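Coordinate inspection notes
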Amino acid sequence: MTAVVVVEAIVILLLGVLVAGLLRSHAEILRKLHDVGVHLDGSPDHSEGTFAVAPHIAAPSPTTPEAAAGHDISGTTPGGDAIAMRLTQTRGRTLVAFLSSGCTTCAGFWDAFSESGHATALGGTRVVIVTKGIEDESPSTVAALAPPGVTTMMSSEAWADYGVPGSPYFALVDGPSGTIHGEGSAGTWDQLVRLMGEAVADVTLTRSAKAKADLARE
C-alpha cells in the first residue's frame, strides 16, 4: 500500500512539472507574438507600429497638416493689358480677393476696397482683386467696379490655381514662406477683417512657439 502511494505521489509530481513547463512555454510564445503585434484575441496593438483603420472607415486627418502653397498669379487688366503678380518669395502678405461683378454679396467688398481706410483695417496687407477672365466677365463692368489704387485683374487660371469654389472668396498669402495663412469665404467686411486678424494671430503664435522651441534646443 505504501508503495502505491509513493508511486502516485511521484506521478503527480511529474505531471505538475510537465504542466508548469507547458504553461511557461505557452507564456513565452504569447509574449513573442505580442512583441511582433500578433494577438490571438483579435485586439489590435496600439502600443507601436503604423496606425490603421478598417477598410470601410475613413482615416483621420493629420493633426498638423502642412500649410497650403500659394501661387503667383497672372491675367489681364480690365483694359486688356497683360499683368502678372508675384505673391510668393516676397516681403509682406497679400490678400487675394476673388470677386465677381454679378455677385450681390461681392458688391459690399467692391465698395469697401474703394474706401481709403481699407488698408489700415487690413493692417497694411496688400490687396489684389481677381475676377474670372473675359469668357465669364465683362471687362467694362469690372473696370467700372475696380477700386482706385487696388490692383484688379481678370484671370480664370488664378481661380483654378486656388481652387476657388465661388465668390466672394479670399486667400491670405504669406510672401516669405509662400504659403496660404488662411482662406475661405466671408459675407461682410467686418467678418473678413476678423478672419484675417485671427489668421495672422494664429501664425504669429505658431512662429513664436517654434522660435522658443528652436532656442531651447540650441
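Residues numbered from 1 in each chain as written. Predicted model: local features only at pLDDT ≥ 70, side-chain atom pairs only at ≥ 80, totals over all residues. Heavy atoms only, no water.

Looking at the side chain of Ser-156
Along the polypeptide, Ser-156 turns up in helix H5 (residues 156–161). A polar atom in the side chain of Ser-156 sits 2.4 Å from the side chain of Glu-135. (Helix = DSSP H or I, 4+ residues; strand = E, 2+ residues; numbered from the N terminus. Polar contact = N/O pair within 3.5 Å; in protein donor to acceptor, adjacent residues only side chain to side chain.)

Concerning unusual backbone geometry
Cis geometry is adopted by the peptide bond preceding Pro-168, which originates at Ser-167 and carries an omega value of 0 degrees. Relative to the helices and strands, Pro-168 resides in the loop between H5 and strand S6 (169–174).

Some points on the pattern of salt bridges
Oppositely charged side chains can form a pair if their charged atoms are brought close together. By the definition in use, this model includes 2 salt bridges. The partner of Asp-72 in a salt bridge is Arg-86, with the nearest N and O atoms 3.4 Å apart. Taken together, the positions of Asp-72 in the loop between helix H1 (2–35) and strand S1 (73–76) and Arg-86 in the loop between strand S2 (82–85) and strand S3 (93–98) put the pair 14 residues apart, joining distant regions of the chain. Taking the relative accessible area as the measure of exposure, Asp-72 reaches 31% and is therefore partly exposed. (Salt bridge = Lys/Arg side-chain N within 4 Å of Asp/Glu carboxyl O. Buried < 20%, exposed > 50% of the residue type's maximum accessible area, 1.4 Å probe, protein only.)

Here's the deal with the side chain of Thr-125
In this fold, Thr-125 is placed in the loop between helix H3 (118–121) and strand S4 (126–131). Polar contacts involving the side chain of Thr-125 include one to the main-chain carbonyl oxygen of Leu-122, which spans 2.9 Å. Setting aside its immediate chain neighbours within four residues, Thr-125 contacts Arg-93, Thr-94, Leu-95, Ala-119, Leu-172 and Met-196. (Contact = heavy atoms within 4.5 Å.)

What about the pairing of S2?
Pairing geometry for S1 and S2, over 4 bridges, is antiparallel. Residue pairing in the sheet places Ser-74 in a bridge with Ala-84 of S2. Between the antiparallel neighbours S1 and S2 lie 5 residues, among them Gly-80 with a positive phi of about 100 degrees. (Pairing = 2+ DSSP bridges.)

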